[in-house]
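As a plain string of letters, each chain reads:
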Amino acid sequence: MPTIAVKDMTGKEVGKIDLSDAVFGVEPNVSVMHDVVKNQLANRRQGTQSALTRSEVSGGGRKPWRQKGTGHARQGSTRAPQWTHGGIVFAPKPRDYSYTLNKKVRRLALKSAFSSKVKDNEMIVLDSISLDTYKTKTVADMLKALGADKTVLLVLPENNKTVIASAHNIPGVKTALTNTLNVYDILNADKFIVVKDAVAQIEEVYA
């Protein structure tokens, strides 16, 4: 059972917490995490790219010169792909890139992501976080005290608008609730900071 220190907003250790083996102690499955991240990025694609084929570009209605006798290669239209302003060969058209993965695969990927953060000492458990007013500097000072000076995913147990708004303007910092966590955001963060109450919620859902 993994054990991790619990810190306060000043970076001081105030206790320890035992993490669930079923959620934070599994052997990370790199292949499954890769599949889920690839799926997430594919599902985010708009798929609105579009280009014109030779049948859709304007012009090129008449044959540019006769078939034989000019010394030129034979040409049927000035809008063939090899011509300037010609159509695109196999032009991309709007399409849906999204696809689904098995629910068990997605759950295993999340558990693997949680466990990899614990294994790499990139997870920080925060005793609590509370702000009286909207203050970005307070959150920035807290992250600095925790040694989280790069990309950070801050997981909250509830929708705390004051904390979310205060962290919003800090580059590289992203906030999430336990029910909005995803593998890409977890792996993309250098530090995975979870409020203590949120840890219990995660274990309850994914154990």
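Residues numbered from 1 in each chain as written. Predicted model: local features only at pLDDT ≥ 70, side-chain atom pairs only at ≥ 80, totals over all residues. Heavy atoms only, no water.

The chain is annotated in an unreviewed UniProt entry as Large ribosomal subunit protein uL4 of Caproicibacterium argilliputei. Word for word, the UniProt comment on the chain under Subunit (unreviewed entry) is "Part of the 50S ribosomal subunit." UniProt annotates the chain under Sequence similarities (unreviewed entry) with the comment "Belongs to the universal ribosomal protein uL4 family." (UniProt positions renumbered as here; feature names shortened; annotations may be inferred.)

Engineer: Help me out: how do you make sense of the pattern of salt bridges in this one?
Structural biologist: Should their charged atoms come close, side chains of opposite charge can pair. Considering all chains together, one arrives at six salt bridges under this definition. For glutamate 13, the salt bridge goes to lysine 16, with nearest N and O atoms at 3.3 Å. For glutamate 13, a relative accessible area of 44% gives the class partly exposed. Residue lysine 16 is classed as exposed on the basis of its relative accessible area, which comes to 58%. Between aspartate 185 and lysine 174 there is a salt bridge whose closest N-O contact spans 3.0 Å. Note that aspartate 185 is positioned in helix 6 (residues 183-188) and lysine 174 in strand 5 (residues 173-177), a separation of 11 residues in sequence. (Salt bridge = Lys/Arg side-chain N within 4 Å of Asp/Glu carboxyl O. Buried < 20%, exposed > 50% of the residue type's maximum accessible area, 1.4 Å probe, protein only. Helix = DSSP H or I, 4+ residues; strand = E, 2+ residues; numbered from the N terminus.)

Engineer: What should I look at first to understand the pairing of strand 4 (residues 152-156) in this one?
Structural biologist: The side chains of a regular strand alternate between the sheet's two faces. Of all five residues in strand 4, five are buried; the element is thus mostly enclosed. Burial of the side chains of strand 4 extends over both faces: Val152, Leu154 and Leu156 are buried on one face and Leu153 and Val155 on the other. As paired elements, strand 4 and strand 5 share five bridges and run parallel to each other. Paired with leucine 154 across the bridge in strand 5 is threonine 175. (Pairing = 2+ DSSP bridges.)

Engineer: I'm lost on unusual backbone geometry in this one. Help?
Structural biologist: Keep in mind that most residues, glycine aside, have a negative phi and that most peptide bonds are trans. The backbone phi angle of phenylalanine 90 is positive, close to 50°, even though this residue is not glycine. Taking relative accessible area as the criterion, phenylalanine 90 reaches 81% and is therefore assigned exposed. The backbone of asparagine 121 shows a phi angle near 55°, a positive value even though the residue is not glycine. Following the sequence through the fold, asparagine 121 ends up in the loop between helix 3 (103-119) and strand 3 (123-126). Given a relative accessible area of 62%, asparagine 121 falls into the exposed group.

Engineer: Got a minute to help me understand the pairing of strand 3 in this structure?
Structural biologist: Residues Met123 and Val125 point to one face of strand 3 and Ile124 and Leu126 to the other, with burial holding for every one of them. Bridging between strand 1 (residues 3-7) and strand 3 involves two bridges; their strand directions are parallel. Note on strand 3: the bridge partner recorded for valine 6 is valine 125. When strand 3 meets strand 6 (residues 191-195), the two strands line up parallel, connected through four bridges. Residue pairing across strands places isoleucine 124 opposite isoleucine 193, the latter belonging to strand 6.

Engineer: I keep staring at the layout of surface pockets and nothing clicks. Help me out?
Structural biologist: Empty space among the atoms becomes apparent when a probe as large as a water molecule is rolled across them. Here the largest pocket defines a volume of roughly 190 Å³. Around the largest pocket sit Val36, Asn39, Gln40, Lys103, Arg106, Arg107, Leu110, Leu181, Asn182, Val183 and Tyr206, which together line it. If you tally residues by element for the lining of the largest pocket, the top one is helix 3, at four residues. A per-class count over the lining of the largest pocket returns five nonpolar, three polar and three charged. (1 Å grid on protein atoms, 1.4 Å probe; cavity = no way out; pocket = protein on both sides within 12 Å on 5 of 7 lines; lining within 4 Å. Points joined across faces, edges and corners; volume = space filled by probe spheres on them. Nonpolar A, V, L, I, M, F, W, Y, C, P; charged D, E, K, R; others polar.)

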